[in-house]
Amino acid sequence: MTTSEQDRWSRVKGRLRSSVGEDVYTSWFARMDLEGVQDESVRLSVPTRFLKSWIQAHYAERVLSCWQAEMPEVHRIDLTVRSAVRPTTPPKEAPAPVEARRAPAPELRSTATAPVSANHDALGGSPLDPRLTFASFVVGRSNTLAHAAARQVAEGRRGDPVMFNPLYIHAGVGLGKTHLLQAVTWAGNSGNERKVLYLTAEKFMYGFVAALKTQTALAFKEALRGIDVLVIDDLQFLQGKSTQAEFCHTLNALIDAGRQVVIAADRPPSDLESLDDRVRSRLAGGLVVEMGSLGEELRLGILKSRVAAARTHHATFDVPEEVLNYLSRAITHNGRDLEGAINRLLAHSKLNNQPVTLEMAEREVRDLIRPQEPKRIKIEDIQRVVARQYNVSRSDLLSSRRTANVVRPRQVAMYLAKTLTLRSLPEIGRRFGGRDHTTVLHAVRKIEALVAKDTALSEEVESLKRQLQE
């Protein structure tokens, strides 16, 4: 680079700083280097693909106009990602990096518009499975509302008022949460109107931590908040105070700006103990939908759809009706087990060149037939059943009242919450009006001692357990 080019580059940087402000300049342009000027073209480089994508998408005209103010003949800017081993300041007259010569970056022109995928490229969305679309989703009684809400979100257009925000879908493993979220993403990205980004909680954490390490955290936040529809899967895995704080700020920023947020987890917002109260409150303020267990009719529908999908590649594959009926009755745990059963039958049939029979099915899917899991009991269920048993209200159990007719039911409810759920003592205390965990521990020990010597109370507690487990 010649001395005159260096001087020009210094003046261009000064123009950029004045134009965008010190904070934005520091975030986006502080580590941009000039590689060289040739004819009508200026070659610039940045250290990360993220910075390159964002500058191309949002500052193309600004960068070009600053150069044209110094050199009116400039009509093109080539932006590349420089190699990590390259010196920060190249020696004078250094040739352009091999990467730049071999694969020139897309141009920045004054007429350029941001490609729809720019934010996606920069943020690195989680991989999508092409099979998980609305067309392949089987609707039944347990998922009708979740499916309808997801379709409504997917069919929205930029500028439309947001009806459910956030849309929060929760269910156990293998009941279709990820399928619905990916279907929303596929449908939303099928046109060029809205930017829809699908991220697992793990990917969100990785992206934020990586941005902190590369000193591009502000850029990461700005890119994330430029998304029209943000889809977050497996929120229960979100860990770390700084990451959770950033998620909370992003959630608030998107919702306040009228952008759509769709979230899935394996439990309702109130049960996400690791998350801050403010985040749980904001999540619960949207539409919270539970996808229930798969009924036999829905399981049969899923099996038939998977057989039909297999036939697109294996035309002779056939599963008799009696086998499908057997599988729908025997495999009750989740949809992934159903798909696994069909895959096993397909493999056995093709590899051994044998037709699918009931005997073969019984033999091949033995380990997929699991014992029925006990009902998952919620603290809200315990509070409701105990309040009804002792003729008090649920608000009485959560209140600070200390009268005898409220204290005993409250202690029984806390005892049941400890023995019938996996919730911690601090969480149980929080769900009973914000009490300390020592209060819960005292209640548990008190009821344990009374049950051991009071037959009537012991029978009451057993009766409450049976009601909750039915």
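Residues numbered from 1 in each chain as written. Predicted model: local features only at pLDDT ≥ 70, side-chain atom pairs only at ≥ 80, totals over all residues. Heavy atoms only, no water.

An unreviewed UniProt entry annotates the chain as Chromosomal replication initiator protein DnaA originating from Bradyrhizobium centrolobii. What UniProt records for the chain under Sequence similarities (unreviewed entry) is the sentence "Belongs to the DnaA family." What the UniProt record of the chain gives under Subcellular location (unreviewed entry) is the line "Cytoplasm". (UniProt positions renumbered as here; feature names shortened; annotations may be inferred.)

The calculated volume of the second largest pocket comes to roughly 850 Å³. Arg-131, Leu-132, His-179, Arg-306 and Glu-339 are the residues nearest the centre of the second largest pocket, which is lined by 35 residues in total. Its residues assigned to classes, the lining of the second largest pocket comprises 13 nonpolar, 13 polar and 9 charged. Counting contributing residues per domain, the lining of the second largest pocket is built from domain 2 (134–290) and domain 3 (296–365), each supplying no fewer than three. (1 Å grid on protein atoms, 1.4 Å probe; cavity = no way out; pocket = protein on both sides within 12 Å on 5 of 7 lines; lining within 4 Å. Points joined across faces, edges and corners; volume = space filled by probe spheres on them. Nonpolar A, V, L, I, M, F, W, Y, C, P; charged D, E, K, R; others polar. Domains from an automatic or database assignment.)

Two elements in contact, helix 13 (residues 296–311) and helix 15 (residues 335–352), have axes whose closest approach is 9 Å; the angle formed by their N-to-C orientations is 40 degrees. By the criterion of interaxial angle, the relationship of helix 13 to helix 15 is oblique. By crossing handedness, the relation of helix 13 to helix 15 is classed as right-handed. Along its contact with helix 13, which presents Arg-299, Ile-302, Leu-303, Arg-306, Val-307 and Ala-310, the element helix 15 presents Leu-338, Glu-339, Ile-342 and Leu-346. (Axes fitted to C-alpha atoms, helices over the stretch in contact; angles between N-to-C directions. Helix = DSSP H or I, 4+ residues; strand = E, 2+ residues; numbered from the N terminus. Parallel < 35°, antiparallel > 145°, perpendicular 65-115°, else oblique. Left-handed = near helix turned anticlockwise from the far one by under 90°. Contact = heavy atoms within 4.5 Å.)

According to UniProt, the positions carrying the feature "binding site: ATP" (unreviewed entry) are Gly-174, Gly-176, Lys-177 and Thr-178. Of the annotated positions mentioned, Gly-174, Gly-176, Lys-177 and Thr-178 line the second largest pocket. For Gly-174, the location among the structural elements is in the loop between strand 5 (167–170) and helix 8 (177–188). According to the relative accessible area criterion, Gly-174 is buried, its value standing at 11%. Non-local contacts of Gly-174, meaning those with residues more than four positions away in its chain, are made with Asn-334, Gly-335 and Arg-336. Residue placement: Thr-178 occurs in helix 8. (Buried < 20%, exposed > 50% of the residue type's maximum accessible area, 1.4 Å probe, protein only.)

On inspection of all chains with the given rule, the structure shows 19 salt bridges. Across the pair Glu-380 and Arg-431 runs a salt bridge whose closest N-O atoms are separated by 2.6 Å. On the criterion of sequence distance, the pair formed by Glu-380 in helix 17 (residues 379–390) and Arg-431 in helix 20 (residues 425–431) is long-range, its members being 51 residues apart. Several salt bridges share partner residues, and in doing so they unite Asp-129, Arg-131, Arg-306 and Glu-339 into one network. (Salt bridge = Lys/Arg side-chain N within 4 Å of Asp/Glu carboxyl O.)

Our next topic: the side chain of Arg-431. Using a relative accessible area of 10% as the deciding quantity, one classes Arg-431 as buried. Dropping the residues within four chain positions of it, Arg-431 is found in contact with Ser-270, Asp-271, Ile-379, Glu-380, Gln-383 and Leu-398.

Between its first and last C-alpha, helix 9 (residues 201–213) extends 19 Å over 13 residues, near the 18 Å set by a 1.5 Å rise per residue. For helix 9, the full list of buried residues reads Ala-201, Phe-204, Met-205, Gly-207, Phe-208 and Ala-211. All buried residues of helix 9 lie within an arc of 165 degrees about the axis, which places them on one face of the element. Within helix 9, the exposed residues directed more than 90 degrees away from the buried face are Glu-202, Tyr-206 and Lys-213. In this fold, the buried residues of helix 9 make contact with strand 6 (196–200), helix 10 (217–224), strand 7 (229–233) and helix 11 (241–256). Directly after helix 9, the chain includes Gln-215, whose backbone phi takes a positive value near 60 degrees. (Expected span 1.5 Å × (residues − 1). Arc of directions from axis to C-beta.)

Leu-180, Val-231, Phe-317, Val-319, Leu-327 and Leu-345 are the most contacted members of the largest nonpolar core, which has 48 residues in total. With 6 residues, helix 13 is the single largest residue contributor to this core. Looking at which domains feed residues into this core, each of domain 2 (134–290) and domain 3 (296–365) gives three or more. Contacts of Val-231, omitting those with residues within four sequence positions, involve Leu-181, Val-184, Thr-185, Val-196, Leu-197, Tyr-198, Leu-199 and Val-262. (Core = buried A, V, L, I, M, F, W, Y, C linked by side-chain atoms within 4.5 Å.)

Moving on, we get to the sheet that holds strand 5. Ordered by their spatial adjacency, 5 strands build an open sheet running 6-7-8-5-9, and the pairing between neighbours is parallel. Every interior strand has two partners, whereas the edge strands, strand 6 and strand 9 (287–290), have only one. Strand after strand, the sheet turns through a mean of 15 degrees between neighbouring axes, direction not considered. As paired elements, strand 5 and strand 9 share 4 bridges and run parallel to each other. Residue pairing in the sheet places Leu-167 in a bridge with Leu-287 of strand 9. (Pairing = 2+ DSSP bridges.)

One pair of aromatic rings is described through two measures. These are the centre distance and the angle between the planes. Using the criterion set out here, one finds 3 aromatic pairs in the structure. Ring centres 5.9 Å apart and planes at 10 degrees place the aromatic pair Trp-9 and Trp-67 in the stacked group. Of this pair, Trp-9 sits in helix 1 (residues 3–20) while Trp-67 sits in helix 4 (residues 60–70), placing them 58 residues apart in sequence. Take Trp-9 and Trp-67: they sit in the same class, and that class is buried. When the ring of Phe-29 is compared with that of Tyr-59, the centres are 5.4 Å apart and the planes differ by 75 degrees; the resulting orientation is edge-to-face. With Phe-29 in the loop between helix 2 (22–28) and strand 1 (33–38) and Tyr-59 in the loop between helix 3 (49–58) and helix 4, this pair connects stretches of sequence that are 30 residues apart. With respect to burial, Phe-29 and Tyr-59 carry one shared label: buried. One Lys or Arg, Arg-151, reaches over the ring of Phe-134 and ends 4.6 Å from the middle of that ring. (Phe/Tyr/Trp six-rings, centres within 6.5 Å; stacked < 30°, edge-to-face > 60°. Lys NZ or Arg CZ within 6 Å of the ring centre and 35° of its normal.)

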